[in-house]
Amino acid sequence: MTLTREPEHSAASDTARWPRRIRFVRFGGISLKVDLAALAISVVVVVLALAVGVWSLGVSTTSSPRVGFVETLQVLAGQVSGRSADLVAAALPAVVVALLGGAALALSGAIFQTITRNPLGSPDIIGFTTGANTGALIAMLQLHLGVSAATIGAMIGALATAFAVWFLGMRGGTSGYRFVVVGIGINAMLVAFNGYLISVANVQNAASAAAWGMGNLRDLTMKDTIPLIVSLIILVPLLTVVAPRMRMFELGSDSARSKGVDIDRTQIYLLLLGVGFAAVITAVAGPIAFVALVAPQLAARLSPSPGIPLVASAAVGAALLVSCDAIARTILAPDVQLPVGVVTTSVGGIYLLGLLFVQSRKATP
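Thresholds, definitions, all that
- Residues numbered from 1 in each chain as written.
- Predicted model: local features only at pLDDT ≥ 70, side-chain atom pairs only at ≥ 80, totals over all residues.
- Heavy atoms only, no water.
- Helix = DSSP H or I, 4+ residues; strand = E, 2+ residues; numbered from the N terminus.
- Buried < 20%, exposed > 50% of the residue type's maximum accessible area, 1.4 Å probe, protein only.
- Contact = heavy atoms within 4.5 Å.
- Core = buried A, V, L, I, M, F, W, Y, C linked by side-chain atoms within 4.5 Å.
- Salt bridge = Lys/Arg side-chain N within 4 Å of Asp/Glu carboxyl O.
- Lys, Arg positive; Asp, Glu negative; His and termini not counted.
- Polar contact = N/O pair within 3.5 Å; in protein donor to acceptor, adjacent residues only side chain to side chain.
- pLDDT = per-residue confidence, 0-100.
- Phe/Tyr/Trp six-rings, centres within 6.5 Å; stacked < 30°, edge-to-face > 60°.
- Axes fitted to C-alpha atoms, helices over the stretch in contact; angles between N-to-C directions.
- Parallel < 35°, antiparallel > 145°, perpendicular 65-115°, else oblique.
- Left-handed = near helix turned anticlockwise from the far one by under 90°.
- Nonpolar A, V, L, I, M, F, W, Y, C, P; charged D, E, K, R; others polar.
- Expected span 1.5 Å × (residues − 1).

Chemist: It is not clear to me how the overall build of the chain should be interpreted in this structure. Could you clarify?
Modeler: Along its length, the chain carries 13 helices and 3 strands. By the burial criterion, 47% of the 365 residues in the chain qualify as buried. Long-range pairs, those at least 24 residues apart, make up 67% of the contacts in the chain between residues at least 6 apart in sequence.

And the structure:
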C-alpha cells in the first residue's frame, strides 16, 4: 500500500486542482481517493459509536443495577467476571449487530442514493427490506420452516424484489427517479401482502412474525453475528473495487458513460452489493427502517467531500443504530424493551419533518 498526494499520472501543474486534504491510496492496481478531513470526522463518529456501545453494554433491561462504563471496559478486557460479565455478555450480540448492521444499512443507502441521485433512494423506501421481510414471512408462516429459515427467505425476498425494481425501473438506463417511484409502488404492495400473511396465520406464529418484522435486536446470540461479519468481510472489499466507478454516477449516467463506465453492468454490480448489505442485517434482525435513508444524508452534511462519502456513511450508520438500540432497551426498562425498529422509525420521522421544515423555510421568500 502506498500513500501519495496525487495520482502518479498527474502532472505537477494539476496538483492545485486537489485540496491539500486529498490523498490517494493504492492497493496493487486499485487507486482510492481519501479525504483526510472526512476520514478524521469518520474516526470521531466511530469513537462516539463505540462509546455508546460500551455504555449500552452495561445497561440492564431488568431490575438489576447497571454496570459502570469503566467496569464494562474491564469486563471486555477479561479483568472482571461474575454478574457484571454475565450482563455484558448478554448485551454484547445486540451491540455488535447494531454497530455492524448500522454500517451495512448506511452503505446500502449510500449506494442507492448515489446511483439514483435521489435522497429517497434507500432500501427501506424502495422496497428491498420489505421484500426481505416478505421472504422471511413466507418461510416462517407458509412453509413452516422456522425462524432459522427466515435468514435464507429474507435473502431470496430481497434479491427478488431488487430484480423486479431494477427490471421495471432501471432496465435500459432509465432515470433514478423512475427507479425510486417503481420501488415505492412495489414496497406498498409488499406491505399489504405482508399484512395478509400475518392476518391468516395462527396467533402464535403471527405474533412472532410481527415482532420480527418490527426490527428487533433482542434475544440475539454471538452465533447470529457470524453471518453479518462474514458478509461484510466479503461485500466491503467488493464495494471498494466498484466504488471508483460508482462515483461517476454522481454527475449522471451520461457523464459516467462518456468516461468509459459500463452503465448497465456497473448498475447490476451495485444493485447486488446494495441489496446484500441491506439483506444480511434484515435477515438477522428484521427490517430496520430509516437508517439507510438518514445516515448517508447526515454523513454528506458532516463531510466536506462532495457527494455521499462511504466511510463516513458507515460510521454514522453504526452510531445511529447503536444509539437507537440503547434508547430502545432503556427508555421503558425494566418493564418493556422496545423493538429497535420503533425507535429508528421515530427518528426517521423526526428527520423527515425537520427536513421538510427547513426546505419550506428556504422556499419562503
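Chemist: How do you make sense of the nonpolar core when you look at a structure like this?
Modeler: Within soluble globular proteins, side chains that are nonpolar generally end up buried alongside one another. One finds Phe112, Phe128, Met140, Leu217, Leu271, Phe277 and Ile288 to be the most contacted residues of the largest nonpolar core, which totals 90 residues. In terms of residue count, the dominant contributor to this core is helix 3 (residues 83-116) (17 residues).

Chemist: Help me understand the environment of Gly260, please; the structure alone is not making it clear to me.
Modeler: Checked against the element boundaries, Gly260 lands in the loop between helix 9 (253-258) and helix 10 (263-285). Overall, Gly260 belongs to the exposed group, its relative accessible area being 66%. Distance from Gly260 to Met248, taken between C-alpha atoms, is 9.8 Å for residues 12 residues apart in sequence.

Chemist: What is the right way to look at the pattern of salt bridges in this model?
Modeler: Side chains bearing opposite charge may pair, as long as their charged atoms lie close to each other. What the rule picks out here adds up to 1 salt bridge. Here Asp325 and Arg329 are joined by a salt bridge, their closest N and O atoms 3.4 Å apart. A residue pair is termed a helical-turn pair when its members lie 3 or 4 positions apart in one helix, as Asp325 and Arg329 do in helix 12 (residues 310-330) at 4 residues. Across this residue pair, the class does not change: Asp325 and Arg329 are buried.

Chemist: Explanation requested: the side chain of Asp124 in the structure shown.
Modeler: Within the element layout of this structure, Asp124 appears in the loop between helix 3 and helix 4 (128-142). No salt bridge forms around the buried Asp124; measuring N to O, its nearest opposite-charge neighbour Arg301 is 15 Å away. At 2.6 Å, the side chain of Asp124 forms a polar contact with the side chain of Ser122. A distance of 2.4 Å separates a polar side-chain atom of Asp124 from the backbone nitrogen of Phe290.

Chemist: Explain the confidence of the model for the chain here, please?
Modeler: The predicted coordinates of low-pLDDT regions are not to be read in fine detail. On average, the chain scores 81 in pLDDT, and the residues at 70 or more come to 85%. Per-element averaging of pLDDT across the chain places strand 1 (residues 2-4) at the bottom with 51 and helix 12 at the top with 92. Scored below 50 in pLDDT, residues 6-16 shows 10 contacts in the model against residues more than four places distant or in partner chains.

Chemist: What's the story with the packing of aromatic side chains in this structure? I'm lost.
Modeler: Aromatic rings in a pair are described by how distant their centres are and how their planes are angled relative to each other. Enumeration over the complete set of coordinates arrives at 5 aromatic pairs. Of the aromatic side chains, those joined through ring pairs into one cluster are Phe112, Phe128 and Phe179.

Chemist: How do you make sense of the packing of helix 1 (residues 36-57) against helix 3 when you look at a structure like this?
Modeler: Each pair of packed helices can be summarised by the angle the axes make with each other and by the distance between the axes. It is the contact of helix 1 with helix 3, at a shortest axis distance of 8 Å, that shows an interaxial angle of 150°. By the angle between their axes, helix 1 is roughly antiparallel relative to helix 3. Crossing angle aside, the handedness with which helix 1 passes helix 3 is right-handed. Between helix 1, through Ala49, Leu50, Gly53, Ser56 and Leu57, and helix 3, the contact on the second element is made entirely by Leu87, Val88, Ala91, Leu92, Val95 and Leu99. Classifying every residue of the contact of helix 1 with helix 3 by side-chain character gives 9 nonpolar, 2 polar and no charged.

Chemist: Would you mind going over the packing of helix 4 against helix 5 (residues 150-169) with me for this structure?
Modeler: At their nearest, the axes of helix 4 and helix 5 sit 6 Å apart, and the two run at 135° to each other. Between helix 4 and helix 5, the angle falls in the class oblique. Judged by the twist between their axes, the crossing of helix 4 over helix 5 is right-handed. Within the contact between the two elements, helix 4 uses Phe128, Gly131, Ala132, Gly135, Ala136, Ala139 and Met140 and helix 5 uses Ala150, Gly153, Ala154, Gly157, Ala158, Thr161, Ala162 and Val165. For the contact of helix 4 with helix 5, the residue count by class is 10 nonpolar, 5 polar and no charged.

Chemist: Would you take a moment to explain helix 4 for this structure?
Modeler: A turn of α-helix holds 3.6 residues, and therefore any two residues three or four places apart point the same way. The end-to-end C-alpha separation of helix 4 is 20 Å, in line with the 21 Å expected for 15 residues at 1.5 Å each. Taking burial as the measure, the 15 residues of helix 4 include 13 buried ones, the bulk of the element. In the stretch just after helix 4, His144 is the one whose phi turns positive, near 55°.

Chemist: Explanation requested: helix 3 in the structure shown.
Modeler: Taking 1.5 Å as the rise per residue, helix 3 with 34 residues should run 50 Å; its terminal C-alpha atoms sit 50 Å apart, in good agreement. Helix 3 sits mainly inside the fold: 28 of its 34 residues count as buried. Positive backbone phi, at 55°, marks Arg117, one or two positions downstream of helix 3.

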